[in-house]
Amino acid sequence: MGSLGSPRSTSIPNSKPSATQNAQVSELETSPSPFPRNLLADKTHMSRSESAKKKIKNKEILKPKIVTGDVGYVLEDVPHFSDYIPGVPSHPNPLQDNPAYSVVKQYFVDVDDTVSQKIVVKQNSKKGTHFRRAGPRQKVYFESDEVQACIVTCGGLCPGLNTVVRELVCALFDIYGVTKILGIKGGYKGFYSCNTIELTPKKVNDIHKRGGTILGTSRGGHDTVKIVDAIQDRGINHVYIIGGDGTQKGAAMIYEEIQRRGLKVAVVGIPKTIDNDIEVIDKSFGFDTAVEEAQKAIYAAHVEAESHENGIGLVKLMGRNSGFIAMYATLASRDVDCCLIPESPFHLEGEGGLLEFIEKRLKENGHMVIVVAEGAGQDLIADSLRNTNHDASGNKLLLDVGLWLSQKIKEYFSGKKKMRVNLKYIDPTYMIRAVPSNASDNIYCTLLAHSAVHGAMAGYTGFTVGSVNGRHAYIPYHRITEKQKKVVITDRMWARLLSSTNQPSFLSHEFIKNVKGEETDLGSHFYLENEYALCNGSITDAIEKM
C-alpha cells in the first residue's frame with residue numbers, strides 16, 4: 001500500500017530554489033516512495049498582476065478548442081500540453097522500435113487525421129463536426145522512465161472493467177516501457193485515502209477472466225482539490241479514469257484544476273456505462289455482454305411462460321434513462337411480445353393500453369413475455385410511492401417498475417377479468433453486471449485502452465476515447481457529459497422492434513394532445529424523415545418539432 005500524503009511538487013519549476021527549498025527537496029528525495037520524485041517544489045510568489053493574467057489565460061485555455069476549415073469543416077479538438085506549457089519537449093516514439101509493430105506499414109496516425117461524426121451526407125452537405133483520430137503519434141511528450149501512471153474505476157460494475165485495467169497496464173508496459181503504474185482502490189476517494197496498489201503485467205495477467213474490478217469501485221467521493229493534491233504529491237503524470245457520465249464530469253473537473261496549476265499531467269477518460277447512454281460514441285464497453293447475458297433471462301422467462309396456462313414472463317433489464325439493452329435484447333431474442341423503455345411512454349388502463357394488449361396476447365397465444373427497462377413507467381407509479389432520494393453519484397433512486405407492474409397485472413386479471421394468470425418476474429440486473437466481458441467486448445476494451453495510452457503519451461489531455469462511426473477518436477469531455485444518448489423512437493430501429501413484437505405504440509391521443517395542445521396524427525410518429533435526427537430520443541421533442 002502506498003501513501004498519498006507527502007508534500008506536493010509542481011511539474012514546471014520557474015526559478016532557482018532557495019536553501020529552504022533545497023532542504024525540502026533533499027527530504028523528499030530520501031523519503032520512501034514507490035515513485036522517485038524528480039520534480040522540484042516551486043513556491044515562488046507571483047505578483048497580483050501576474051496572478052490575474054494567469055487566471056485570464058486559464059479561462060481562455062478551458063474554452064472548447066474548435067478548429068474550422070473549408071466547406072463547413074469543424075474539428076472539436078482536445079487539449080494538448082503545448083496549449084498551456086511553453087516549450088514542452090517532445091521525443092521520438094519508441095513504438096517504431098517495438099518488434100511487435102515491425103510488420104505495420106504505417107506506424108503513426110497522420111497529424112491531420114480526423115473522424116467525422118456524421119457519415120450519411122447529401123451531395124451538397126457541409127463537412128460537419130469531426131474529432132481527432134486516436135492512435136500513436138510520431139512524437140511523444142513523455143520519456144518512458146518519467147511516466148508515473150494511475151488507474152481508477154468509479155461508479156457501478158460493468159462487464160469489461162478488469163479487461164480495460166489489464167490492457168492499460170499492458171499497453172503502458174509492453175508498448176511504451178512504462179513500469180510505474182498504480183491502481184487507485186475504491187473509486188475517487190481512493191486518491192486521498194491512501195488506497196493504492198502497484199500494477200504490473202504479471203498481477204493483471206488473468207483478471208480479464210473475472211467480473212467486477214480488482215481495484216474496487218464506489219459512487220461519489222469526488223473532491224477535486226484533494227484528488228489533484230494527491231496526484232501532485234505522488235508525481236503522477238498519467239491519470240486514467242474509467243467510469244460513466246458522472247465520473248467523466250469529475251474527470252473534467254480534475255483536468256481543469258490540473259491545467260490551472262500548470263501541471264504536465266495527462267487526464268484521460270474511458271467511458272463506462274452498461275446502459276450505452278453516452279453521447280457521440282457508437283457504444284460503451286460491456287454493452288454487448290449485457291445484451292448477450294440478458295438473452296438468458298429472457299429465455300428463462302419464455303420457458304416459464306410457455307409451460308403454464310396464461311403464463312407471463314416479466315423481465316426487468318437495466319436502463320435508467322435509456323432503453324438500449326431492453327431494445328437490443330428484445331430484437332436479438334425474438335421471444336418477446338412487448339418491450340417497454342423510458343423513452344416511449346405507455347398507459348395501463350383503457351383502450352390501447354398495456355393491460356388490454358396483455359389480455360389480447362394471452363387469448364391469442366396462451367402466454368407472453370414482457371421486457372421492461374428499469375426507468376420505464378416511473379411517471380405511472382403512484383405519487384405516494386415516489387422516491388425523491390438520490391444515490392452518491394446524484395442519480396435518482398428508481399422504484400422497482402417490475403414489481404409494480406407485476407402487481408398491476410395480477411390485480412387487473414384477478415379483479416375485473418376474473419382470469420387466472422401465472423406470472424414469473426425475473427430481475428437479472430446484478431447477475432449481468434458481474435459477469436466477465438465476452439469476446440467482442442474484450443477486443444473493444446483493448447482498443448479503448450490502447451487509444452487512451454497513445455493519446456496520453458502524445459501529450460493530449462482532458463479527453464475521453466471512444467468509437468465514432470467505427471473509428472476510434474479523442475473526444476472532449478463536454479461532448480459526452482452535456483446530455484445522455486437515448487433511444488430515438490422515431491428511428492427505424494424502434495420501428496423494427498415494433499414490427500418484431502407486434503406491440504402497439506401505447507401512446508394515447510390525450511398524451512399527444514397535452515404535449516402539442518392539438519390533435520396529431522398518431523401514425524406518423526415512427527416514420528418521420530427529419531424529426532428523428534433532431535430529437536434526443538424523446539417523443540415529446542419529436543412532437544414539438546413537427
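What you see is a predicted model; the values in this text were computed from it and never measured.

Colleague: Please clarify how the UniProt feature "binding site: substrate" (unreviewed entry) in the protein chain should be interpreted in this entry.
Modeller: Taking the UniProt record as the reference, the feature "binding site: substrate" (unreviewed entry) is found at Thr273, Ile274, Asp275, Met318, Gly319, Arg320, Glu374, Tyr430, Met431, Ile432 and Arg433. By the secondary structure assignment, Arg320 is in the loop between strand S12 (311-317) and helix H7 (324-333). Here Glu374 shows up in the loop between strand S14 (367-373) and helix H9 (401-414).

Colleague: Just to check I follow, could you spell out the sheet that holds strand S15 (residues 422-426) for this structure?
Modeller: Strands belonging to one sheet form pairs held by backbone hydrogen bonds; the direction of such a pair is parallel or antiparallel. Here we have four strands laid out as an open sheet, ordered S13-S14-S12-S15, and parallel in their pairing. The open sheet is flanked by strand S13 (338-340) and S15, the only strands paired with a single partner. Taken pair by pair, the neighbouring strands of this sheet meet at an average axis angle of 15 degrees, ignoring direction. Pairing of S13 with S14 involves three bridges; the strand directions are parallel. In the strand pairing of S14, Cys339 is matched with Val371.

Colleague: Mind showing me how you'd approach the side chain of Thr273 here?
Modeller: Along the chain, Thr273 turns up in the loop between strand S11 (266-271) and helix H6 (287-306). Take Thr273: its relative accessible area is 10%, and that puts it in the buried class. Those residues in contact with Thr273 that lie beyond four places of it in its chain are Ile278, Ser284 and Phe285.

Colleague: Please clarify how empty space enclosed by the protein should be interpreted in this entry.
Modeller: Once rolled over the atoms, a probe with the size of a water molecule shows which space is left empty. Scanning the entire structure with this criterion turns up two cavities of 30 Å³ or more. Taken together, 11 residues form the lining of the largest cavity, with Cys339, Ser344, Trp494, Gln503 and Ser505 sitting closest to its centre. Of all the secondary-structure elements, those providing two or more residues to the lining of the largest cavity are S13 and helix H13 (492-501). When its residues are assigned to classes, the lining of the largest cavity shows eight nonpolar, three polar and no charged.

Colleague: So what exactly am I meant to see when it comes to the packing of helix H3 (residues 161-176) against helix H11 (residues 439-457) here?
Modeller: Packed helices, taken two at a time, are described by the angle between their axes plus the distance between the axes. Where H3 contacts H11, the two axes come as close as 8 Å, and the packing angle between them is 45 degrees. Between H3 and H11, the angle falls in the class oblique. Read as a crossing pair, H3 and H11 show a hand that is right-handed. Facing H3, whose interface residues are Thr163, Val164, Glu167, Leu168, Ala171, Leu172, Ile175 and Tyr176, H11 presents Asn442, Cys445, Thr446, Ala449, His450, Ala452, Val453, His454 and Met457. When the residues that make up the contact of H3 with H11 are grouped by side-chain class, the tally is 11 nonpolar, five polar and one charged.

Reading guide: rules and limits
Residues numbered from 1 in each chain as written. Predicted model: local features only at pLDDT ≥ 70, side-chain atom pairs only at ≥ 80, totals over all residues. Heavy atoms only, no water. UniProt positions renumbered as here; feature names shortened; annotations may be inferred. Helix = DSSP H or I, 4+ residues; strand = E, 2+ residues; numbered from the N terminus. Pairing = 2+ DSSP bridges. Axes fitted to C-alpha atoms, helices over the stretch in contact; angles between N-to-C directions. Buried < 20%, exposed > 50% of the residue type's maximum accessible area, 1.4 Å probe, protein only. Contact = heavy atoms within 4.5 Å. 1 Å grid on protein atoms, 1.4 Å probe; cavity = no way out; pocket = protein on both sides within 12 Å on 5 of 7 lines; lining within 4 Å. Points joined across faces, edges and corners; volume = space filled by probe spheres on them. Nonpolar A, V, L, I, M, F, W, Y, C, P; charged D, E, K, R; others polar. Parallel < 35°, antiparallel > 145°, perpendicular 65-115°, else oblique. Left-handed = near helix turned anticlockwise from the far one by under 90°.

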